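Structure at a glance
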Amino acid sequence: MPAPRIWLPDLCRLPRLAVVLGVAQLVVLVLALAPGEAGRWSPQRFAVASVFAWWVALTSAVLLCKLRAPLARLGRIGGIAAAWGLPVAVAALGALLVHEIDLGLGYGLSLPAEARGEFIRACALLTALIGAVALRYFYVTDQWQAQVQAQAKAEVQALQARIRPHFLFNSMNTIASLIRRDPATAERAVEDLAELFRAALGAGEGESTLAEELALIEHYLAIERLRLGERLRERWSLPADLPRDMRLPRLILQPLVENAVLHGVARLEQGGEVRIEAALDAGRLRLSVTNPAPPPRERDSVNGHAQESIRQRLAYRFGAKARMTADYRDGYYRCELLLPIET
């Protein structure tokens, strides 16, 4: 039988644990600042309440992390009930232990002995409320990330299938015409074409580096120079300290240069210059492709499709920290990527 789909929120990651602990501390702070309660909260009581809240939050998160697969086997309704009830049970048991320890030591940090049930019930109900909100938030976040990932994979698959037949035919015709009169150039063109296809076929498999993406651009431009000749010119502006080993999704830059050639330079009788520039900007990497282009009519759907694919994959890889902009001004089309440099 196929393994059950793990739909419960993933609390095994450190950022998620940090959020859970932060929410627990925020609840304690709100309770301490509540009207009518400020005078009853000494620094000692606040510290004990914080430790108790952290213990409940951390224990619940670890248990939910380790029990994701077993809980998923209970079905959607049973799994939700168990995932929601587990933190409540942890809070109730913890409240009972804390109350008994406090009474035994005589610190008076919890309610009196006759209010044991009230104290346990209050902790359990508060945990039930906060737990339901937190689980719902993490569930929605996981579903959104899964949707973005699926969309990104679909875009990559579409990009792989989008190797233009006319580009392949033109390249092969150019190579065929070079075989007899310039076999060395024909051999290099075959190697460049092979690198492009290798990258396209592996677009959905892992990541590449900035150095590999730049090399892919060189392979593509080498082929297009054979076809366009002097009409295609290029200018590179890359700083010496460029982080060439930076990890990137595959086929992030080459489609932008391809658009610059096909929808810009190739459509101009006099051709033009494609500028590939990079710069470091306050811990971020700025990459841009600029090219002359005719006034935008309705830009080709393929051009927009490639840019949307890149935007989706950057959003999945870097989140909101990545940005992509494109505009046409004074006869030039410019597309820019702004990416965080991860250390």
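What counts and what doesn't
- Residues numbered from 1 in each chain as written.
- Predicted model: local features only at pLDDT ≥ 70, side-chain atom pairs only at ≥ 80, totals over all residues.
- Heavy atoms only, no water.
- Helix = DSSP H or I, 4+ residues; strand = E, 2+ residues; numbered from the N terminus.
- Pairing = 2+ DSSP bridges.
- Axes fitted to C-alpha atoms, helices over the stretch in contact; angles between N-to-C directions.
- Contact = heavy atoms within 4.5 Å.
- Left-handed = near helix turned anticlockwise from the far one by under 90°.
- Nonpolar A, V, L, I, M, F, W, Y, C, P; charged D, E, K, R; others polar.
- Core = buried A, V, L, I, M, F, W, Y, C linked by side-chain atoms within 4.5 Å.
- Buried < 20%, exposed > 50% of the residue type's maximum accessible area, 1.4 Å probe, protein only.

**Re unusual backbone geometry**
Negative phi characterises most residues that are not glycine, and trans characterises most peptide bonds. The phi torsion at L251 lies on the positive side, around 55°, for a residue other than glycine. In this structure, L251 sits in the loop between β3 (247-249) and α9 (254-262).

**Description of the environment of E269**
Inspection of the secondary structure assignment puts E269 in the loop between α9 and β4 (272-281). Distance in space between the C-alpha atoms of E269 and R231 is 8.0 Å, their sequence separation being 38 residues.

**A few points about the sheet that holds strand β7 (residues 332-340)**
What the five strands build is an open sheet, ordered β2-β4-β5-β7-β6; its pairing is mixed. A strand with exactly one partner marks an edge of an open sheet, and here the two such strands are β2 (232-237) and β6 (323-329). Shown here is a sheet whose adjacent strand axes are inclined to one another by a mean of 15°, direction ignored. Sheet analysis places strand β5 (residues 284-292) next to β7, joined by nine bridges and oriented antiparallel. Following the sheet pairing, T290 is matched in β7 by R334. Against the sheet, helix α8 (residues 210-228) engages β2, β4 and β5, with an angle of about 160° to β2. Against the sheet, α9 makes contact with β2, β4, β5, β6 and β7, and its axis sits at roughly 15° relative to β5, the strand it touches most.

**Regarding the pairing of β6**
Of the strand pairs in this sheet, β6 and β7 are connected by seven bridges, and their pairing is antiparallel. Along β7, the bridge assignment pairs R329 with Y332. Taken together, β6 and the strand that follows it, β7, pair antiparallel across an intervening segment of two residues, in which D330 is found at a positive phi of about 55°.

**Comments concerning the environment of A124**
Counting through the fold element by element, A124 comes out in helix α5 (residues 116-160). Between the C-alpha atom of A124 and that of A95, which follows or precedes it by 29 residues, the distance is 8.1 Å. In this structure, A124 is in contact with V88, A91 and A92, ignoring residues within four places of it in sequence.

**Regarding the packing of helix α1 (residues 14-33) against helix α2 (residues 43-66)**
At their nearest, the axes of α1 and α2 sit 9 Å apart, and the two run at 145° to each other. Of the two elements, α1 crosses α2, and the hand of that crossing is right-handed. For the pair α1 and α2, the contacting residues are L17, V20, L21, A24, Q25, V28, L29 and A32 in the first and F46, A49, S50, A53, W54, A57, L58 and A61 in the second. Residue composition of the contact of α1 with α2, by class: 14 nonpolar, two polar and no charged.

**Some details on the nonpolar core**
By size, the foremost hydrophobic cluster in this structure holds 41 residues, and its most contacted members are L337 and L339. For this core, the secondary structure elements donating two or more residues are α6 (165-181), α7 (183-201), α8, α9, β4, β5, α10 (301-318) and β7. Not counting residues up to four positions away in its chain, the partners in contact with L337 are I252, L253, L256, L285, R286, L287, I310, L314, R323 and M324. Residues A24, W41, A49 and L135 belong to the second largest nonpolar core, which totals 17 residues.

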